[in-house]
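Each chain, letter by letter, is given below.
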Amino acid sequence: MHRYRVAIVGAGIIGASIARILSMYENIDVSLIEKEPDVGWGVSKANTAVIHPGHEEDPKSYPLRARLCKEGNELWREWVRELDIPAKWPGELMVFTSDEEEKAAEKYIEFAKVNKVPGVRVVYREELRALEPTVNPDALGAVYAPTAGMISPMEAVIAIVENAVENGVKLFTETEVFNVRVSANRVIGVDTNRGFIEADVVINAAGLYADKISNVVGVDTWFFIKPRRGEYLLFDEDVDIKPTRILHTVPTLVTKGVYVVTTVHGNLMIGPTAEDLPVDAREATLTTREGLEYLWREAGKILKVLPPRSRVIRTFAGLRPEPPNGQWLIKAYDSPWGFVNVAGTRSPGLTAAPAIALHVLEQMRSVFDLRLVKKEKWNPFRKDIVRVRNRSIEEIDRLVETNPDYGEILCYCRMVSKAEVVEAIKRMKAIGVKTITVDGIKFRTYAGMGKCQGSFCRWRVALLVSKYTGVPLESVVVKRGSYGVGDVKLLLRGRAAKGQG
Ligand SMILES: Cc1cc2nc3c(=O)[nH]c(=O)nc-3n(C[C@H](O)[C@H](O)[C@H](O)COP(=O)(O)OP(=O)(O)OC[C@H]3O[C@@H](n4cnc5c(N)ncnc54)[C@H](O)[C@@H]3O)c2cc1C
């Protein structure tokens, strides 16, 4: 049986999904390579989290996007169950407030027919309000798409990687690919800051940096990525304006519209904007006053009552990896043999990720003529961390009997116990995360995601990281680089030494 070594560049939702699919095969050894300290910290971290139905993809202009979006929506139902990922399926309402918008919205009924998206129809005033009481009474109607869903994208990436690693995938974090080595017109591996990794197949799933990887190989040299920023407002979970459906304005040429959603964790969220940035602005995730004002105005069109502005707990922005023509570049090359591009993965890349992974497998099979053997014992399941949040006192008592750490609450906003943080640290080590970051724990446990945004719990989490990893407290990393939780005495000593004390 011939063995294939596959290197995947990028552990975002798409690289992770491809790794999971490839882990089903006996004769593929997968290396999942990520430049950041943890998985999912690229585009997959900051987005609207909607599992789109597929009726917004123009089947003529973007047939691949249309097909894989619809298939991805179907596949996610199975994946969230197998992998215990927080998800809900409330359906969505594309709200129109004028005759022109109604006309623009009608084309999505046609797209739905061609893309075979079930149940999409126009609803008018009374039915709209029955479907969603928080909607602006001046709205004329909406395109209703019942199959829309929402997930927690970061938790999805984490769950997929945990499952892929359980099935044999090797994760390399803090490992940046800077070259794809080619010899005799075949790829032979990747050069990284940690040395050379051999591979017969290299899959480029590098998100915002996928054009750079593609360019070093010298294929499709016309291709480049332009970052398109999307800003958001996130509200405290006790704000009582919480649409049950996913609401959004009518899409434009550049965006699927502004969304007003209740996240799977119960926060009202409004966004995104759509702003094209210069090609080199790939880390420009600051929010702007203009962007946030625009969101406020757009939300006012579709909500009956706007939430109190004072209840915004966070503003943030994500960057879409926008390809020049809106088309995803998903292609296996026979020259050089063994290279695969999964680039320009703009929206609906989150929705389509499982379907993209299957499509990549098909491409690899047909172009590289791989002879693959399915594993007899592939485990499709993964369980989430056991949480005290939303449990009854009796249930928490039972948990405390099994482990007293469930009784020690570290994050009061989100009700996160010490046991959950310790479990997160254990899981990060198990998948091969080298630096246990406070942010990595936040994304796994929600500690620091509540109204105080970590002011209360961050140092407690950092103390535990220090205890369970042996890293001194002042060297614990919150996000990346050297920003740590400080030892005040040490800082003061430093200032005194510089004559500032
Ligand atoms: C504002 C916004 C809203 C969106 N809303 C939705 C939505 O509601 N629904 C939907 O379906 N889609 C949505 N999307 C699109 C979706 O988020 C993306 O399609 C998806 O996250 C892309 O995933 P990815 O794995 O390709 O990229 P990423 O998540 O960026 O993963 C790529 C990874 O590669 C790593 N990397 C890069 N270069 C290197 C290197 N040289 N070496 C090693 N590692 C490297 C990066 O660090 C990163 O982790 C939205 C996007 C944005 C920005």
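Residues numbered from 1 in each chain as written. Predicted model: local features only at pLDDT ≥ 70, side-chain atom pairs only at ≥ 80, totals over all residues. Heavy atoms only, no water.

Remarks on the packing of aromatic side chains
Scanning all chains against the criterion turns up nine aromatic pairs. Look at Tyr-232 and Phe-316: their rings are 4.8 Å apart centre to centre, the planes differ by 15°, and that puts the pair in the stacked class. Separated by 84 residues along the polypeptide, Tyr-232 in strand β14 (residues 226-235) and Phe-316 in strand β19 (residues 312-322) bring together distant segments of the chain. Over the aromatic face of Trp-79 sits the side chain of Arg-20, whose NZ or CZ is 4.5 Å from the ring centroid. The lysine or arginine in question, Arg-77, covers the ring of Trp-89, its NZ or CZ lying 3.9 Å from the ring centre. (Phe/Tyr/Trp six-rings, centres within 6.5 Å; stacked < 30°, edge-to-face > 60°. Helix = DSSP H or I, 4+ residues; strand = E, 2+ residues; numbered from the N terminus. Lys NZ or Arg CZ within 6 Å of the ring centre and 35° of its normal.)

Focus on the pairing of strand β10 (residues 177-183)
One ladder, built from six bridges, connects β10 with strand β11 (residues 186-192); its direction is antiparallel. Each residue of the ladder has a partner; that of Arg-181, found in β11, is Gly-189. Here β10 folds back onto β11 in antiparallel fashion, the turn holding two residues, of which Ala-184 has a positive phi close to 50°. (Pairing = 2+ DSSP bridges.)

Description of empty space enclosed by the protein
A full pass over the atoms with the stated rule returns one cavity of 30 Å³ or more. In this structure, the largest cavity encloses a volume near 80 Å³. In terms of lining residues, the largest cavity is bounded by 14 residues, among which Ile-158, Arg-382, Asp-384, Arg-387 and Arg-444 are the most central. Looking at the lining of the largest cavity, the elements that each hand over two or more residues are α5 (153-166) and α11 (438-445). Counting residues per element, the lining of the largest cavity draws most heavily on α5, at four residues. Here the residues of the lining of the largest cavity sort into six nonpolar, no polar and eight charged. Mapping the lining of the largest cavity onto the domain boundaries places at least three of its residues in each of domain 1 (1-85 + 151-223 + 323-384) and domain 3 (393-493). (1 Å grid on protein atoms, 1.4 Å probe; cavity = no way out; pocket = protein on both sides within 12 Å on 5 of 7 lines; lining within 4 Å. Points joined across faces, edges and corners; volume = space filled by probe spheres on them. Nonpolar A, V, L, I, M, F, W, Y, C, P; charged D, E, K, R; others polar. Domains from an automatic or database assignment.)

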